[in-house]
Amino acid sequence: MIFCPFPADWPRREAYAHYRRNPCSYSVTQRVDVTALRRSGRPFAPALIHAVCRTVNRLPALRMTEQGGVPGYWDEVCPAYTVFHPSTGTFSVLWTDYSPDFADFLTQYRADVERYGDDPAFFPKGPAPAHVVNLSIAPWLDFAAFNLDYGRDYLLPVFTAGRFSEEAGQVTLPLAVQANHAACDGWHVAEFFRVLGKELER
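The shown structure was predicted, so the numbers you read here are calculated from the model rather than taken from an experiment.

Let us now look at the pattern of salt bridges. Taken as a whole and assessed by the stated rule, the structure comprises ten salt bridges. Across the salt bridge formed by Arg 194 and Glu 191, the nearest N and O atoms sit 2.7 Å from each other. One end of the pair, Arg 194, and the other, Glu 191, are both in helix H5 (residues 186-200), three residues apart, so they sit about a helical turn from each other. A residue is classified by how much of its surface remains accessible, and Glu 191, at 18% relative accessible area, is buried. For Glu 199, the salt bridge identified is with Arg 202, shortest N-O distance 3.6 Å. Residue classification places Glu 199 among the buried positions, given a relative accessible area of 7%. For Arg 202, a relative accessible area of 51% puts it in the exposed group. What you see here is one network of salt bridges that share partners, running through Arg 20, Glu 66, Arg 152 and Asp 153.

To continue, consider helix H4 (residues 102-116). Since the α-helix packs 3.6 residues into each turn, any two residues three or four apart lie on the same face. A rise of 1.5 Å per residue sets the reference length of H4, with its 15 residues, at 21 Å; its end C-alpha atoms lie 20 Å apart and thus fit the reference within 8%. Of the positions making up H4, those classed as buried are Phe 102, Phe 105, Leu 106, Tyr 109, Asp 112 and Tyr 116. Buried residues of H4 fall within an arc of 130 degrees about the axis and therefore sit on the same side. Of the residues in H4, the exposed ones pointing more than 90 degrees away from the buried face are Thr 107, Glu 114 and Arg 115. Residues of H4 that are buried sit in contact with helix H3 (44-56), strand E5 (78-85) and strand E6 (90-95). Capping the start of H4 is the job of one residue whose side-chain oxygen sits 3.3 Å from the backbone nitrogen of Ala 103: Asp 101.

Further remarks concern the sheet that holds strand E4 (residues 70-74). With respect to topology, three strands assemble into an open sheet ordered E1-E4-E3, the strand pairing being antiparallel. Sheet topology places strand E1 (3-5) and strand E3 (64-67) at the edges, where each strand pairs with a single neighbour. For this sheet the average axis-to-axis angle between neighbouring strands, irrespective of direction, equals 45 degrees. Note: E3 against E4, four bridges, orientation antiparallel. Residue Gln 67 lies in a different strand from E4, and its bridge partner there is Val 70.

For the rest of this paragraph, the subject is the state of the cysteines. Inspection of every chain in the model, using the stated rule, returns zero disulfides. No disulfide involves Cys 78; its nearest neighbouring cysteine sulfur is the one of Cys 53, lying 6.6 Å away. Assessed through its relative accessible area of 2%, Cys 78 is described here as buried. Between Cys 184, a cysteine without a disulfide, and Cys 24, which holds the nearest cysteine sulfur, the sulfur-to-sulfur distance is 11 Å. Classification of Cys 184 by relative accessible area gives buried; the value is 2%.

Take unusual backbone geometry next. Positive phi, normally seen in glycine, also occurs at Ala 168, with a value near 55 degrees. Mapped onto the fold, Ala 168 is located in the loop between strand E9 (165-167) and strand E10 (170-180). Owing to a relative accessible area of 86%, Ala 168 belongs among the exposed residues under this scheme.

Let us look at a nonpolar patch on the surface. Where nonpolar side chains cluster on the molecular surface, the patch consists of Phe 84, Phe 91, Phe 122, Phe 123, Trp 140 and Leu 141 and spans about 600 Å² of accessible area. Along the chain, Leu 141 turns up in the loop between strand E7 (132-137) and strand E8 (158-161).

What counts and how
- Residues numbered from 1 in each chain as written.
- Predicted model: local features only at pLDDT ≥ 70, side-chain atom pairs only at ≥ 80, totals over all residues.
- Heavy atoms only, no water.
- Salt bridge = Lys/Arg side-chain N within 4 Å of Asp/Glu carboxyl O.
- Helix = DSSP H or I, 4+ residues; strand = E, 2+ residues; numbered from the N terminus.
- Buried < 20%, exposed > 50% of the residue type's maximum accessible area, 1.4 Å probe, protein only.
- Expected span 1.5 Å × (residues − 1).
- Arc of directions from axis to C-beta.
- Contact = heavy atoms within 4.5 Å.
- Polar contact = N/O pair within 3.5 Å; in protein donor to acceptor, adjacent residues only side chain to side chain.
- Pairing = 2+ DSSP bridges.
- Axes fitted to C-alpha atoms, helices over the stretch in contact; angles between N-to-C directions.
- Disulfide = S-S within 2.5 Å.
- Patch = residues over 30% accessible without salt bridge, like charges linked within 9 Å, V, L, I, M, F, W, Y side chains within 5 Å.
- Areas by Shrake-Rupley, 256 points an atom, 1.4 Å probe, with all protein chains shown as cover.

Below is the structure:
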């Protein structure tokens, strides 16, 4: 993937420098409406992963990285996701190349899961590339808040989805976003949820 440095007049340069000197991360959990997705007939997990990744690929602040001390962003990211092994209670991390077309992505996703999904290694496909966004689906948990700490130098967001529930015909699930304040502010996370909502209606 291509690293794109931010221009000299990047509006968040001062905020970025402040939060690199004074590390700060935060998490936001919001219930998202997945009614249309559940009724679409598409396989739920890969469709949710694709919707999150498609949304992130529309928002440069959520694709932020740093190369040689220079802040910038990946021109595109792909998803890394977990595969659970019920017999051992462990999971593996897989990643799939991104395509904006869901049918193309689903073909690649299924090929990866078929080839590597039963391998108990933590990274059966090999270490994920630097330009991945991590998304875990924890269908056993319905949570109101969720927090992870990836350290001060990890600038990409991390997503965790929980168990869905249905009330009055509406299906929702909790989705947590772990964010590095050097990379993005609350406005950017709110924009993520706004754009994701539209993606989930497709």
